[in-house]
Each structure stands twice: as C-alpha cells, then as structure tokens.
Amino acid sequence: MNKSYSLEENILKAASLLKESSFTTAYTGAGISVESGIPPFRGEGGLWTKYDPTMLDIDHFLGNPVKGWEVIKEIFYDFFGKAKPNIAHLVLAEMENKGLVSRIITQNIDNLHQEAGSKQVYDFHGNSKKLICLECRSHYKAADI
C-alpha cells in the first residue's frame, strides 16, 4: 500500500528532487498565461468559444490571407500583445537563473517566458514576436511588420 503524503511533504520532496537534478525541463501550456490575461483556447471562456478554430489553420490562411491575418492580428497582437509575465513566469526564470531548471518547453506563443528573463525557451508552436516568410523562410520581428 502506498503512503499518502501531505501537501507540505510533497512540496519538500519536489524541492529536494529539483535540487538534486542535474537537468530539469519545465513544460508549460496555456494555463500558465491565464493569470497574465490570456485565456486558454479550450474550455469556459476559451478562445474557441469566440473564434472558429479553423480560422487559424494554415490552409485557411493560405486560401484567404487577408481574413486570416485579421483574426491572427486581433488574437495574438491586439489582445495578447498587452499581456505581461506573471509570477509563474518570473519564478521559472529565477529557477533557471539559479540552475534549478535547465530549459522550458512551451506550447505558448506569447513570449512571456522570455520577457520574464528565461533564456533557454523552446517555443513548440512558434513565437508571436517572430514571423517567418512562408516562401523564402526569412525571419522578421513582428513589431517591424
């Protein structure tokens, strides 16, 4: 039979494991940015309750780039562009600075980990601060477009 641990015991055990680890990776998704004012895509109040998810599909964009860009701009630049890192982003950056976290892999494209000070961030779905030309693959700062 497995022993049941209290919340405090679990926190202390997790802290010990982090201190002993030589290479810890943090994985984050939409939930970490909710406190920054960015809603998740799914669930109550999620973006898919307001927008049709196919509007962000690459085939939709290629078939109707003007309308596609309008939706992309509204969601990711007009709205998300005002978000600031929250305490969770800041704590992960501090953990990286102290050597407790080696890298962050995130599904988010909001750039909030980098703005919080994290250096080793792998943006699984890209980053809204960087745009890539679909024809020549050149990279551009979104602020310059």
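Right above here is the structure, for reference.
Residues numbered from 1 in each chain as written. Predicted model: local features only at pLDDT ≥ 70, side-chain atom pairs only at ≥ 80, totals over all residues. Heavy atoms only, no water.

Student: Explanation requested: helix 1 (residues 7-20) in the structure shown.
Tutor: In an α-helix, one turn spans 3.6 residues; hence positions three or four apart end up facing the same way. For helix 1, built from 14 residues, the straight-helix expectation of 20 Å at 1.5 Å per residue is met to within 8% by its first-to-last C-alpha distance of 20 Å. Counting buried residues in helix 1 gives 0 out of 14 residues, a small share hidden from the surface. (Helix = DSSP H or I, 4+ residues; strand = E, 2+ residues; numbered from the N terminus. Expected span 1.5 Å × (residues − 1). Buried < 20%, exposed > 50% of the residue type's maximum accessible area, 1.4 Å probe, protein only.)

Student: Help me out: how do you make sense of the nonpolar core in this one?
Tutor: Looking at soluble globular proteins, one finds that nonpolar side chains tend to be buried together. Core analysis: the largest hydrophobic core is formed by 11 residues, namely Ile38, Leu47, Tyr51, Met55, Val71, Ile72, Ile75, Phe76, Phe80, Ala83 and Leu112. The greatest single-element share of this core, amounting to 4 residues, is contributed by helix 3 (residues 65-79). In this view, Phe76 contacts Phe41, Leu56, Gly81, Ile109 and Ser128; residues no more than four positions away in its chain are not counted. Ile32, Leu92, Val101 and Ile104 belong to the second largest nonpolar core, which has 6 residues in total. (Core = buried A, V, L, I, M, F, W, Y, C linked by side-chain atoms within 4.5 Å. Contact = heavy atoms within 4.5 Å.)

Student: Explain the sheet that holds strand 2 (residues 103-106) here, please?
Tutor: Paired through their backbone hydrogen bonds, the strands of a sheet run either parallel or antiparallel. Strand order in this open sheet of 3 strands is 1-2-3, and the pairing throughout is parallel. Each edge of the sheet is formed by a strand with only one pairing partner; in this case those strands are strand 1 (25-28) and strand 3 (121-123). Within this sheet the neighbouring strands show an average axis-to-axis angle of 20°, counted without direction. When strand 2 meets strand 3, the two strands line up parallel, connected through 3 bridges. Bridge assignment links Thr106 to a residue of strand 3, and that residue is Asp123. (Pairing = 2+ DSSP bridges. Axes fitted to C-alpha atoms, helices over the stretch in contact; angles between N-to-C directions.)

Student: I tried to follow the pattern of salt bridges on my own but got confused; where do I start?
Tutor: Pairing of side chains with opposite charge becomes possible as their charged atoms draw close. Using the criterion set out here, one finds 5 salt bridges in the structure. Note that Lys50 is salt-bridged to Glu74, the shortest N-O span being 3.9 Å. One end of the pair, Lys50, is in the loop between strand 1 and helix 2 (58-63); the other, Glu74, is in helix 3, and 24 residues separate them in sequence. Overall, the relative accessible area of 62% leaves Lys50 in the exposed class. The partner of Asp78 in a salt bridge is Lys73, with the nearest N and O atoms 2.8 Å apart. Residue classification places Lys73 among the partly exposed residues on the basis of a relative accessible area of 37%. (Salt bridge = Lys/Arg side-chain N within 4 Å of Asp/Glu carboxyl O.)

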